[in-house]
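# Descriptive analysis of the structure
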Amino acid sequence: MDSIFTNTNVFNLSDPMGTWLFDVQFFNVNPTAGGLNKFLTEKSTNGDLVVTSCTLPGHETEIVTRNYFGSEKSYPILRKYGGDCEMRFDIRAENDDNATLYRITQVNTRKLVDGADRIIYHPEVELRAPDQYAEIVPMARFQKVTIGLINKTKMYGSGDDATQKKYHSQYDLHNCIVTSFKFDNGLDYNSEDKLTCSLTLHYDIWSYHSDVDVTE
Amino acid sequence: MESIWNNTFYNTAPALSWTYKVDFTNLFGKSFFESQKVYTDYNNYLKILGQAVVSVNVGQRESEAVDVNYGGVTFKKITRANNTGNLDFTFNEDNRYTVTTILQKIYEIFSMKQYYPESVGEENDFHPYNDQSKLIKNAASRLIIVRCYNSGNLDTQKSQTITKEYKFYGCQLQGMDDFELSYDSAEAITRSASFLYDYMIVEDHDSAAEG
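Worth saying up front: this structure is predicted, and the values here are computed from it rather than measured.

### A short note on the overall build of chain A
The number of helices and strands found in chain A is three helices and nine strands. The 216 residues of chain A split such that 33% are buried. In chain A, 68% of the contacts between residues at least 6 apart in sequence involve partners at least 24 apart.

### Some remarks on the packing of helix 1 (residues 36-52) of chain B against helix 2 (residues 98-110) of chain B
All names here are of chain B. Helix 2 packs onto helix 1 with a crossing angle of 125° between their chain directions and a minimal axis gap of 10 Å. The angle between helix 1 and helix 2 falls in the class oblique. Like other packed secondary-structure pairs, helix 1 and helix 2 cross with a definite hand, here left-handed. Along the contact surface, helix 1 presents Tyr42, Tyr45, Leu46, Ile48, Leu49 and Ala52, while helix 2 presents Thr98, Val99, Ile102, Leu103, Lys105, Ile106 and Ile109.

### Looking at the packing of aromatic side chains
Residues and elements named next belong to chain B. One pass over the full model with this rule turns up 18 aromatic pairs over all chains. With a centroid separation of 4.8 Å and 65° between ring planes, the pair formed by phenylalanine 168 and tyrosine 197 is classed as edge-to-face. Separated by 29 residues along the polypeptide, phenylalanine 168 in strand 7 (residues 162-169) and tyrosine 197 in strand 9 (residues 190-197) bring together distant segments of the chain. For phenylalanine 168, a relative accessible area of 1% corresponds to the buried category. Tyrosine 197 gets classed as buried once you look at its relative accessible area, which sits at 7%. Measuring from centroid to centroid gives 4.9 Å for tyrosine 169 and tyrosine 199, while their planes differ by 10°, and the two rings are stacked.

### Details of the pattern of salt bridges
Overall, the coordinates contain twelve salt bridges over all chains when judged by the stated rule. A:Lys182 serves as the salt-bridge partner of A:Asp184, at 3.7 Å between the closest nitrogen and oxygen. Looking at A:Asp184, the relative accessible area reads 30%, which means it is partly exposed. Look at A:Lys182 and you get partly exposed, because its relative accessible area is 41%. As a salt-bridge pair, B:Lys167 and B:Glu165 come within 3.6 Å of each other at their nearest N and O atoms. Judged by relative accessible area, which is 5%, B:Glu165 ranks as buried. Several salt bridges converge on common partners, so that one network encompasses B:Asp23, B:Arg147, B:Glu165, B:Lys167 and B:Glu203.

### Section: the environment of A:Cys54
The residue A:Cys54 is located in strand 2 (residues 51-54) in this model. In contact with A:Cys54, not counting residues within four places along its chain, are A:Phe22, A:Val24, A:Cys85, A:Glu86, A:Met87 and A:Ile147.

### A few points about the confidence of the model for chain A
Residue and element names in this part refer to chain A. Looking at chain A as a whole, its pLDDT mean stands at 74, while 56% of the residues score no less than 70. Within chain A, the lowest mean pLDDT, 57, falls on helix 3 (residues 98-104), and the highest, 95, falls on strand 3 (residues 60-68). Scored below 50 in pLDDT, residues 130-136 shows 13 contacts in the model against residues more than four places distant or in partner chains.

### Things to note about the environment of A:Phe5
Along the chain, A:Phe5 turns up in the segment before helix 1 (8-12). Note: C-alpha distance between A:Phe5 and A:Asn175 (170 residues apart in sequence) is 47 Å.

### Points about the sheet that holds strand 1 (residues 20-23) of chain B
All names here are of chain B. One open sheet accounts for four strands, arranged 1-6-7-10; its pairing is antiparallel. Each edge of the open sheet is held by one strand with a lone partner, namely strand 1 and strand 10 (199-204). Direction aside, neighbouring strands of the sheet carry axes that sit 15° apart on average. Looking at chain direction, strand 7 and strand 10 are connected through six bridges and run antiparallel. Residue pairing across strands places glutamate 165 opposite glutamate 203, the latter belonging to strand 10.

### Some details on the interface of chain A and chain B
If you look at the interface, chain A gives eleven residues, while chain B gives 14 residues. In total, chain A and chain B occlude about 1200 Å² of area from one another, counting both sides; carbon and sulfur atoms represent 61% of this. Considering only the surface of chain A that becomes buried against chain B, A:Arg66, A:Tyr68 and A:Lys73 emerge as the three largest contributors, covering 49% of it. The tally of links between chain A and chain B comes to zero salt bridges. Counting across the chain A and chain B interface gives five residue pairs in polar contact (both at pLDDT 80 or more). Elements supplying a minimum of two residues to the side of chain A that touches chain B: strand 3 and strand 4 (71-80) of chain A. The element that contributes the greatest number of residues to the side of chain A that touches chain B is strand 4 of chain A, accounting for six residues. Classifying every residue of the side of chain A that touches chain B gives six nonpolar, two polar and three charged.

### A look at the state of the cysteines
Covalent bonding between the sulfur atoms of two cysteines defines a disulfide. All names here are of chain A. Overall, the coordinates contain zero disulfides over all chains when judged by the stated rule. Counting only cysteine sulfurs, cysteine 85 is the nearest neighbor of cysteine 176, a cysteine outside any disulfide, at a range of 7.6 Å. You can call cysteine 176 buried: its relative accessible area is 0%. Cysteine cysteine 197 remains unbridged, with the sulfur of cysteine 54 as its closest cysteine sulfur at 13 Å.

### Some details on helix 2 of chain B
End to end, helix 2 of chain B covers 19 Å across 13 residues, agreeing with the expected 18 Å (1.5 Å per residue, within 8%). Buried within helix 2 of chain B are the following residues: B:Val99, B:Thr100, B:Ile102, B:Leu103, B:Ile106, B:Glu108, B:Ile109 and B:Phe110.

Cut-offs and rules
- Residues numbered from 1 in each chain as written.
- Chains lettered and ligands numbered in written order.
- Predicted model: local features only at pLDDT ≥ 70, side-chain atom pairs only at ≥ 80, totals over all residues.
- Heavy atoms only, no water.
- Helix = DSSP H or I, 4+ residues; strand = E, 2+ residues; numbered from the N terminus.
- Buried < 20%, exposed > 50% of the residue type's maximum accessible area, 1.4 Å probe, protein only.
- Contact = heavy atoms within 4.5 Å.
- Axes fitted to C-alpha atoms, helices over the stretch in contact; angles between N-to-C directions.
- Parallel < 35°, antiparallel > 145°, perpendicular 65-115°, else oblique.
- Left-handed = near helix turned anticlockwise from the far one by under 90°.
- Phe/Tyr/Trp six-rings, centres within 6.5 Å; stacked < 30°, edge-to-face > 60°.
- Salt bridge = Lys/Arg side-chain N within 4 Å of Asp/Glu carboxyl O.
- pLDDT = per-residue confidence, 0-100.
- Pairing = 2+ DSSP bridges.
- Buried area = accessible area lost by both parts, 1.4 Å probe.
- Polar contact = N/O pair within 3.5 Å; in protein donor to acceptor, adjacent residues only side chain to side chain.
- Nonpolar A, V, L, I, M, F, W, Y, C, P; charged D, E, K, R; others polar.
- Disulfide = S-S within 2.5 Å.
- Expected span 1.5 Å × (residues − 1).

And the structure:
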């Protein structure tokens, strides 16, 4: 084994997976739900959403160790598939994308300060989309969020397959609840940075599929 | 046998505290209730109670002992075995307070109807202390079962292996603990309840299907 060019195994291996070949789709709990659920579901389906970074799921297994006469032996006792996925978005300047901020901030704060004596709705504890108070954005909970890893040789189809994109892997995160939203940077006349925000989703279990065909 | 690796007892996985289920549906027999509908309602309540259990302590055996002294030395003699005991459960609660409702109904059967202090002697507002006939007649059906599963066989596609059944006979709900409501807390509410039992039977079920 003298050279990478004579080692046929290494030479024939496919290129390493780039961390930039991915996209994210959101699937709604309730197809008629409004607010953030509906917004992210629609935007992710028609390709308008730009998730610029995203963490991938893993799992942890708890063990117990038992001792006997100076020796020890371990056993797996419980595997946890749940975890947190952090996604980052660009905030765009176009008017329709200001809607992202409105939906992500979850509650129309003008209603909080208008002086009316009313109970502030708590969308975070609801398991269904509310049917009133449209200005209060329903809780952000998604049945499924899929992270697709794209096969770079099949990113774009041709002819009749122009709208088909082939993933070589797909991670499905189930029962996703938005647990955190924040802006990564503040507003600053002296900065050339773009405005980005991070959204953290907690999921309870994830699954993996390979060679998935997705039609947009 | 110097090492755990030669100790055959440790070739099997340990018993785990989470591989169990509780069955309350034998707490009342069909004959206890005046109508099929009421029996069906209570059967559903008891199924929900089994689904809501978080924790329970089982398995205690205990006997009394007495000292016998002679000539400056002491030895102990076991006397009476304690067959009765307490089953203390903790339940998760949902936002409709379903578990509280069910426990309240069961408490009224075993202890006191909550309107008893205001009652005007009507039959429905009884205190069971004064009317044990109904409970005595149906003593054999007051059964709570705790099933422990073999952690090496938890596949839901196959018959899960029940390894041990702890059966508690003559159960009565003695009480429910209070629970805290607090603006300073973001905890989910749990309810604790204590059942008395007359005796416990422990049985092996090496190859039974899930009951």
